[in-house]
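Residue-level structural notes
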Amino acid sequence: MNRTAMRASQKDFENSMNQVKLLKKDPGNEVKLKLYALYKQATEGPCNMPKPGVFDLINKAKWDAWNALGSLPKEAARQNYVDLVSSLSPSLESSSQVEPGTDRKSTGFETLVVTSEDGITKIMFNRPKKKNAINTEMYHEIMRALKAASKDDSIITVLTGNGDYYSSGNDLTNFTDIPPGGVEEKAKNNAVLLREFVGCFIDFPKPLIAVVNGPAVGISVTLLGLFDAVYASDRATFHTPFSHLGQSPEGCSSYTFPKIMSPAKATEMLIFGKKLTAGEACAQGLVTEVFPDSTFQKEVWTRLKAFAKLPPNALRISKEVIRKREREKLHAVNAEECNVLQGRWLSDECTNAVVNFLSRKSKL
Ligand SMILES: CCCCC/C=C/CC(=O)SCCNC(=O)CCNC(=O)[C@H](O)C(C)(C)COP(=O)(O)OP(=O)(O)OC[C@H]1O[C@@H](n2cnc3c(N)ncnc32)[C@H](O)[C@@H]1OP(=O)(O)O
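Here's what I pulled together on the structure shown here. (Residues numbered from 1 in each chain as written. Predicted model: local features only at pLDDT ≥ 70, side-chain atom pairs only at ≥ 80, totals over all residues. Heavy atoms only, no water.)

Where a strand is regular, its side chains alternate between the two sheet faces. With respect to burial, strand β7 (residues 229–233) is a largely interior element, five of its five residues being buried. Taking every second residue as pointing to the same face, both faces of β7 are buried, with Ala 229, Tyr 231 and Ser 233 on one and Val 230 and Ala 232 on the other. Bridge analysis of strand β5 (residues 208–212) against β7 gives four bridges, and the strand direction is parallel. Among the inter-strand pairings, Ile 209 is bridged to a residue of β7, identified as Ala 229. In this structure, β7 lies alongside strand β10 (residues 289–291), joined through three bridges in parallel fashion. Following the sheet pairing, Ser 233 is matched in β10 by Phe 291. (Buried < 20%, exposed > 50% of the residue type's maximum accessible area, 1.4 Å probe, protein only. Helix = DSSP H or I, 4+ residues; strand = E, 2+ residues; numbered from the N terminus. Pairing = 2+ DSSP bridges.)

Below is the structure:
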């Protein structure tokens, strides 16, 4: 049996706990906190302990890590624990507990957990304490993971989030480290990065599925228009508050959303920042199907594993036939959106919104 099946069994979980004890290298405090939090969530469920006092540093850090997992289901926590342990112990991958060749973890990612198994490459956003906000490093790592997934022997590729959020979108601290060329250079660099990032989704050759485990904000929502299927927990919400942030749509949503959900519904989301429930997003065609949170992981992964058994060439070729007419158009839309955003990022409206969030004066 695979040590890290997509739905980890109790036995996988116990094996992973034992492996932690065998780690040759100290994984560091941050990882240890993550392991602690996932262990607690998997065994006891959401944190309902009283918050330790501010000077009780160690217990407060543990409490914060556990609490950050929100209402993540026990089953998902168990899976994430197993994934995390696997990513820490590549030397154990070849141990006798693993069927050779069935289970591969990609190491070398700071902000993601990338696993490949049963014909599925899973790219999991892994900054749960920051609600999986996408910082510069994560943009680069997602591109790297997608490029690797497009060439590996997996059949389908899945993006999902660790913790209670799918992703809170662009990390607003991305706007803070100003290079010597000043804010203009920063805006230009961000526009170049964004264009390349979105381009990877436009060009991705295999079926690309989003498993939206919780709320999604900003770019993590707009990109969904470039996926081939989107499965959502009924806990997920979909929010693109661009006007509130003094920004404008990206991820090709200015083109895909009006097509998917009608121009008026797209306007409500992209211009007026209306937040959709998973049910609403499904009714409007952005989400393929919604599942109760309690059975979400089980039902979705069962379905994905069945998809991954289909003939790979047929899947690729069908995707190509469906998408190829649009590709050139999508690249043009992407370029234009990035250009417009570059100007928006230099506006007072955007600067004020970012400063207000970073100085804790505002939240969505
Ligand atoms: C290369 C550049 C490309 C740019 C592409 C542009 C994309 C556009 C977008 O994506 S727009 C969307 C941007 N996102 C937001 O505006 C979300 C901001 N976050 C919030 O409003 C809230 O954090 C929340 C509603 C998502 C969650 O609120 P909650 O109260 O549940 O949790 P906290 O606020 O305490 O969050 C926990 C910690 O996470 C940090 N954090 C969350 N989201 C972001 C984010 N997007 N950017 C930066 N930091 C974020 C938050 O600050 C907390 O950190 P702390 O524990 O250190 O205080």
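Within helix α9 (residues 263–270) the residues assigned to the buried category are Ala 266, Met 269 and Leu 270. Each buried residue of α9 lies within a common arc of 80 degrees when the element is viewed along its axis, so the set occupies one face. Buried residues along α9 sit in contact with α7 (219–222), β8 (237–239), α8 (253–261) and β9 (276–277). (Arc of directions from axis to C-beta. Contact = heavy atoms within 4.5 Å.)

Attention now goes to the state of the cysteines. Applying the stated criterion to the full structure yields zero disulfides. Among the cysteines around Cys 252, which has no disulfide bond, Cys 338 carries the closest sulfur, lying 8.2 Å off. Looking at Cys 252, the relative accessible area reads 0%, which means it is buried. Cysteine Cys 350 is unpaired, with the sulfur of Cys 338 as its nearest cysteine sulfur at 14 Å. (Disulfide = S-S within 2.5 Å.)

Another aspect to go through is the environment of Leu 38. Relative to the helices and strands, Leu 38 resides in helix α2 (residues 29–44). Overall, the relative accessible area of 2% leaves Leu 38 in the buried class. Along the sequence, Leu 38 and Ala 229 sit 191 residues apart, while their C-alpha atoms lie 28 Å from each other.

Now for the site of the ligand. Around the ligand sit 26 residues in total, of which Lys 130, Ser 168, Asn 170, Leu 172 and Lys 363 are the nearest. Note that an oxygen atom of the ligand is positioned 2.6 Å from one of the side-chain N or O atoms of Lys 130. Within the backbone of Asn 170, an N or O atom sits 2.8 Å from an oxygen atom of the ligand. For the ligand, the protein covers 82% of the area, taking 1100 Å² as the surface of the free molecule. (Near = heavy atom within 4 Å. Polar contact = N/O pair within 3.5 Å; in protein donor to acceptor, adjacent residues only side chain to side chain. Areas by Shrake-Rupley, 256 points an atom, 1.4 Å probe, with all protein chains shown as cover.)

Another aspect to go through is a positive patch on the surface. On the surface, Lys 129, Lys 130, Arg 360 and Lys 363 cluster together into a patch of positive charge. Among the structural elements, Lys 363 can be located in the segment after α13 (348–358). (Patch = residues over 30% accessible without salt bridge, like charges linked within 9 Å, V, L, I, M, F, W, Y side chains within 5 Å. Salt bridge = Lys/Arg side-chain N within 4 Å of Asp/Glu carboxyl O. Lys, Arg positive; Asp, Glu negative; His and termini not counted. Charge placed at Lys NZ, Arg CZ, Asp CG, Glu CD.)

Turning to the nonpolar core, a few remarks are in order. Counting 61 residues, the largest nonpolar core has Phe 201, Val 212, Phe 227 and Phe 238 as its most contacted members. If we skip the residues at most four places from it in the chain, Phe 227 touches Leu 159, Tyr 166, Phe 201, Leu 208, Ile 209, Ala 210 and Arg 323. Among the nonpolar cores identified, the runner-up in size contains 18 residues, and Phe 13, Leu 33, Leu 35 and Cys 47 belong to it. (Core = buried A, V, L, I, M, F, W, Y, C linked by side-chain atoms within 4.5 Å.)

Right, let's talk about the side chain of Gln 247 for a bit. Residue placement: Gln 247 occurs in the loop between β8 and α8. In this structure Gln 247 comes out as buried when scored by relative accessible area, which is 13%. Residues within four places of Gln 247 in sequence aside, it is in contact with Phe 175, Phe 242, Leu 341, Arg 344, Trp 345 and Cys 350.

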